[in-house]
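Residue-level structural notes
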Amino acid sequence: MEYTKLGATGVDVSKLCLGTWRFGKESDGVVETNREEAHALLDAFADAGGNFIDTANGYGDGRSETWIGEWLDERDREDYVIASKVYWTQESRFQENLSRKTIRAEIEGTLDRLGTDYLDVYYIHRWDDETPIEETLDALSALVDEGKVNSLGASTMAAWQLTKALWKADAEGFERFDVTQPLYHAAYERDVADYLDVCADQGLAVCPYSPLAGGFLTGKYERAGEDAYDVTAPEGSRGQIDELFSDYYVSERGWHVLDAVREVAAELDATPAQVALRWLIEREAFTCVPIVGARTPDQLAENLGAVDISLSADQRRRIRNARYDEGGDYHESSA
């Protein structure tokens, strides 16, 4: 396993983070990853040297945090970097928001389920239009002062919102965000370019979710027709069971990027998933630690293989340039 500093936090984390949003998640009444499967994935990740684990209070209605806590109880908590999130509620009887009341209630529930006294990273899961950012930052800063949280993070939001929060923190003496978690993968960069520019300028670590475009960049999908959204999906795959898969992750741009990723994978005797993840890991403008959400230990092992390869400057450039057509125009895409 390779390790890197998590932005300005000074903490060493594995170059891949284990995402646990499937833990306890129910789809059509079926739990995607049950308790035993979750513990097997955590075991495999730790055995490979992984130490960075991402969860949220709402994952599996709290089961994700609970199962991680049970697993941690058999290990040394200090060996792991644990991140969770707040916005949706498990404890507060008020609507989802980032008010002081909600944050106070949710951090206690999260720490209790995880069986720990503190979090290494605490993200705001969404931007709250109703609560002044000053109140949110004040409440989060208090958690840092109390030792319940070490560093703060920001998940999905616009670049201007992230900039506003950082400016308010600096101007008014609040703790600032050190880590971010946007949707980001090799076929989806211009869409978050301004956000990433803020991260690069401010020295923020980037921990992208859906780094494989929901599995699209693993190469297991094939184009089924002229329309970019016509996809042949393997039995039981997300593309087959999720009606929104094509809308979120499939595009003309995506197919061009996937072709380039497959080509580089063949050159390196690697898999497309490993190449797509390595392309993110090797970003130079900011620390980039992709969050992988494998379903099985075998899938996780494949993803972890991304730390064993490296891309040449030419290979990175070819993947990046695949987003453009022969005239130099960006392939239009909704994903």
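Remember, predicted model here, so these are calculated numbers, not experimental data. (Residues numbered from 1 in each chain as written. Predicted model: local features only at pLDDT ≥ 70, side-chain atom pairs only at ≥ 80, totals over all residues. Heavy atoms only, no water.)

**Digging into the packing of aromatic side chains**
Spelled out, the test is: Side-chain rings of Phe, Tyr and Trp, where Trp is taken by its six-membered ring, are said to pair if the distance between their centres is within 6.5 Å; with planes under 30 degrees apart they count as stacked, over 60 as edge-to-face, and otherwise as tilted. Three exposure classes are used, based on accessible area relative to the maximum for each residue type with a 1.4 Å probe and protein chains only: buried under 20%, partly exposed in between, and exposed over 50%. Secondary structure is summarised from DSSP: a helix means a run of H or I of at least four residues, a strand means a run of E of at least two, and numbering begins at the N terminus for each. Only when the NZ of Lys or the CZ of Arg is both within 6 Å of the ring centre and within 35 degrees of the ring normal is a charge said to sit over the ring.
Scanning all chains against the criterion turns up five aromatic pairs. Consider the rings of Trp71 and Tyr80, whose centres lie 5.1 Å apart with planes at 65°: the pair is edge-to-face. For Trp71, a relative accessible area of 5% gives the class buried. Residues Phe216 and Trp255 carry aromatic rings whose centres are separated by 4.8 Å and whose planes lie at 75° to one another, so their mutual orientation is edge-to-face. Taken together, the positions of Phe216 in the loop between β11 (205-206) and β12 (222-223) and Trp255 in helix α9 (residues 252-268) put the pair 39 residues apart, joining distant regions of the chain. Each member of the pair, Phe216 as well as Trp255, carries the same accessibility label: buried. Positioned above the aromatic ring of Tyr118 is the side chain of Arg77, whose terminal nitrogen or guanidinium carbon lies 4.1 Å from the ring centre.

**Some points on the packing of α9 against helix α10 (residues 272-281)**
Note the threshold: Between N-to-C directions, angles span 0 to 180 degrees; the directions come from axes that are lines fitted to C-alpha atoms, helices contributing only their stretch in contact. Roughly parallel refers to an angle under 35 degrees, roughly antiparallel to one over 145, roughly perpendicular to one between 65 and 115, and oblique to any angle outside these ranges. Contact definition: two residues touch when any of their heavy atoms are within 4.5 Å. For this classification, Asp, Glu, Lys and Arg are treated as charged, while Ala, Val, Leu, Ile, Met, Phe, Trp, Tyr, Cys and Pro are nonpolar and the rest, including Gly, are polar.
One way to put it is that α9 packs onto α10 with a least axis distance of 8 Å and a crossing angle of 105°. Relative to α10, the element α9 is oriented roughly perpendicular. The segment α9 lies against α10, with Val261, Arg262, Val264, Ala265 and Leu268 engaging Pro272, Val275 and Ala276. Looking at the contact of α9 with α10 residue by residue, the classes come out as seven nonpolar, no polar and one charged.

**Notes on helix α1 (residues 35-47)**
Note the cut-off: Given the number of residues in a helix, its expected span is that number minus one, multiplied by 1.5 Å. When we speak of the arc, we mean the arc of directions from the helix axis to the C-beta atoms.
With 13 residues, α1 should reach 18 Å at 1.5 Å per residue; the first-to-last C-alpha distance of 18 Å fits that figure. Those residues of α1 lying buried are Ala38, His39, Leu41, Leu42, Phe45 and Ala46. For α1, the angular spread of the buried residues around the axis is 160°, confining them to a single face. Residues of α1 that are exposed and point over 90 degrees away from its buried face: Glu36 and Asp47.

In short, the description is geometric, and any link to function would need to be established separately.
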